[in-house]
Amino acid sequence: MTRMRPEDEEHASLEAFEPLTAEQVRQLRQHMPLLSVWRVVGVQAIVGGVVALLAWWISGRQAVAYSVTCGAIAVVVPAALFARGLTGRLASANAGAAVFGFFLWEMVKIGLTLAILIAAPLWVKDVSWPAMLVGLVVTMKVYWLALGMRRVFYPTGPT
């Protein structure tokens with residue numbers, strides 16, 4: 001196998017890899033904490049509940065609130081299962097297992113979401129599909145909030 005040589009031999013020596021010290025890692029973690037997937041799932045559950053209560057208050061119908069709740073459940077339960085699958089011991093065994101685990105749990109998540117949406121008419125009499133769609137979309141948009149609301153989703157204490 002042939003190796004590609006850098007275009008500029010002078011800069012090749014400057015690009016040597018130096019491992020971080022423990023203190024440098026600690027400082028890096030303070031400035032760039034990891035996103036907690038469990039906080040995202042928890043906030044999704046809270047947002048789903050709040051939207052369901054708002055739907056009940058605005059419409060005055062329990063069926064609308066239950067429909068919103070089904071939409072929220074169709075996001076929260078699969079997301080929690082996905083997070084559990086990806087944070088397990090086997091998922092971090094090696095790179096191949098991590099990639100396979102990601103795709104496997106993503107397929108499980110999609111399948112479970114579809115199953116919940118299909119089963120919703122069995123659970124809720126007079127299901128409101130637009131209300132269920134609102135619950136689904138609003139709860140799903142918490143992922144975008146996680147990118148912008150650093151204080152809510154990222155740990156602040158020492159790690």
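See the structure shown above.
Remember, predicted model here, so these are calculated numbers, not experimental data. (Residues numbered from 1 in each chain as written. Predicted model: local features only at pLDDT ≥ 70, side-chain atom pairs only at ≥ 80, totals over all residues. Heavy atoms only, no water.)

The grouping of I46, V50, L54, W57 and I58 at the surface amounts to a nonpolar patch, some 600 Å² of accessible area in total. Within the secondary structure layout, W57 lies in helix α3 (residues 37–59). According to the relative accessible area criterion, W57 is exposed, its value standing at 69%. (Patch = residues over 30% accessible without salt bridge, like charges linked within 9 Å, V, L, I, M, F, W, Y side chains within 5 Å. Areas by Shrake-Rupley, 256 points an atom, 1.4 Å probe, with all protein chains shown as cover. Salt bridge = Lys/Arg side-chain N within 4 Å of Asp/Glu carboxyl O. Helix = DSSP H or I, 4+ residues; strand = E, 2+ residues; numbered from the N terminus. Buried < 20%, exposed > 50% of the residue type's maximum accessible area, 1.4 Å probe, protein only.)

Our focus in this paragraph is α3. In this model, α3 (23 residues) spans 33 Å end to end at C-alpha, consistent with the 33 Å of a helix rising 1.5 Å per residue. Along α3, the positions that sit buried rather than exposed are V40, V41, V43, Q44, G48, V51, A52 and A55. The positive-phi residue at the C-terminal boundary of α3 is G60, with phi of around 75°. (Expected span 1.5 Å × (residues − 1).)

Okay, the nonpolar core next. Judged by nonpolar contacts, V51, A52, A55, V64, V68 and A131 together constitute the single largest core of six residues. For A55, the contacting residues outside a window of four places in its chain are G60, V64 and V68. (Core = buried A, V, L, I, M, F, W, Y, C linked by side-chain atoms within 4.5 Å. Contact = heavy atoms within 4.5 Å.)

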